[in-house]
Amino acid sequence: AVARVPMFACGAGVPSGLSYPDPVSLVDVAPTFLRAAGVEVPAELDGIALQECFTRSSAAAERATYCFGGDGLDMIT
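Owing to the predicted nature of the structure, the values given are computational and were not obtained by experimental measurement.

Trainee: Looking at this model, I keep getting lost on the overall build of the protein. Mind explaining?
Mentor: Within the protein, the regular secondary structure consists of two helices and two strands. From first element to last, N terminus to C terminus, the protein shows the α and β order α-α-β-β. Of all 77 residues assigned to the protein, the portion counted as buried reaches 16%. Considering only residue pairs separated by 6 or more positions, the protein has 40% of its internal contacts joining residues 24 or more positions apart.

Trainee: Whenever I open this one, the side chain of Asp28 confuses me. Can you help?
Mentor: Relative to the helices and strands, Asp28 is located in the segment before helix H1 (29–36). Looking at Asp28, the relative accessible area reads 0%, which means it is buried. Discounting residues that sit within four places of it in the chain, Asp28 has contacts with Gly47, Ile48, Leu50 and Arg63.

Trainee: Where do I start with the pattern of salt bridges in this structure?
Mentor: In this structure the tally under the stated criterion is one salt bridge. Among the salt bridges present, the one from Glu52 reaches Arg35, with a minimum N-O distance of 3.7 Å. On the criterion of sequence distance, the pair formed by Glu52 in helix H2 (residues 51–55) and Arg35 in helix H1 is long-range, its members being 17 residues apart. Judged by relative accessible area, which is 22%, Glu52 ranks as partly exposed.

Trainee: What is the right way to look at the confidence of the model for the protein in this model?
Mentor: Regions with low pLDDT carry predicted coordinates that are not meant to be interpreted in detail. When pLDDT is averaged across the protein, the result is 78; 71% of the residues are at 70 or more. Here strand E1 (residues 66–68) is the element of the protein with the lowest mean pLDDT, 68, and H1 is the one with the highest, 91.

Rules used in this analysis
- Residues numbered from 1 in each chain as written.
- Predicted model: local features only at pLDDT ≥ 70, side-chain atom pairs only at ≥ 80, totals over all residues.
- Heavy atoms only, no water.
- Helix = DSSP H or I, 4+ residues; strand = E, 2+ residues; numbered from the N terminus.
- Buried < 20%, exposed > 50% of the residue type's maximum accessible area, 1.4 Å probe, protein only.
- Contact = heavy atoms within 4.5 Å.
- Salt bridge = Lys/Arg side-chain N within 4 Å of Asp/Glu carboxyl O.
- pLDDT = per-residue confidence, 0-100.

Given below as structure tokens:
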């Protein structure tokens, strides 16, 4: 139920028309917003700044992504 839900982004520095096929996660939202605000992302913060996905096609593909949807439906990609 929670896998394959598209995430959309727009704003300064986001390339128009870009489609990124690899999984990202909600844990990526905080690092993404911090980087967009010009704030250093703490090393201990989980997730990646999605701006990395705009320039490196394998930024999110290099890691495991875990999702849980309740009712015992867990997923790791």
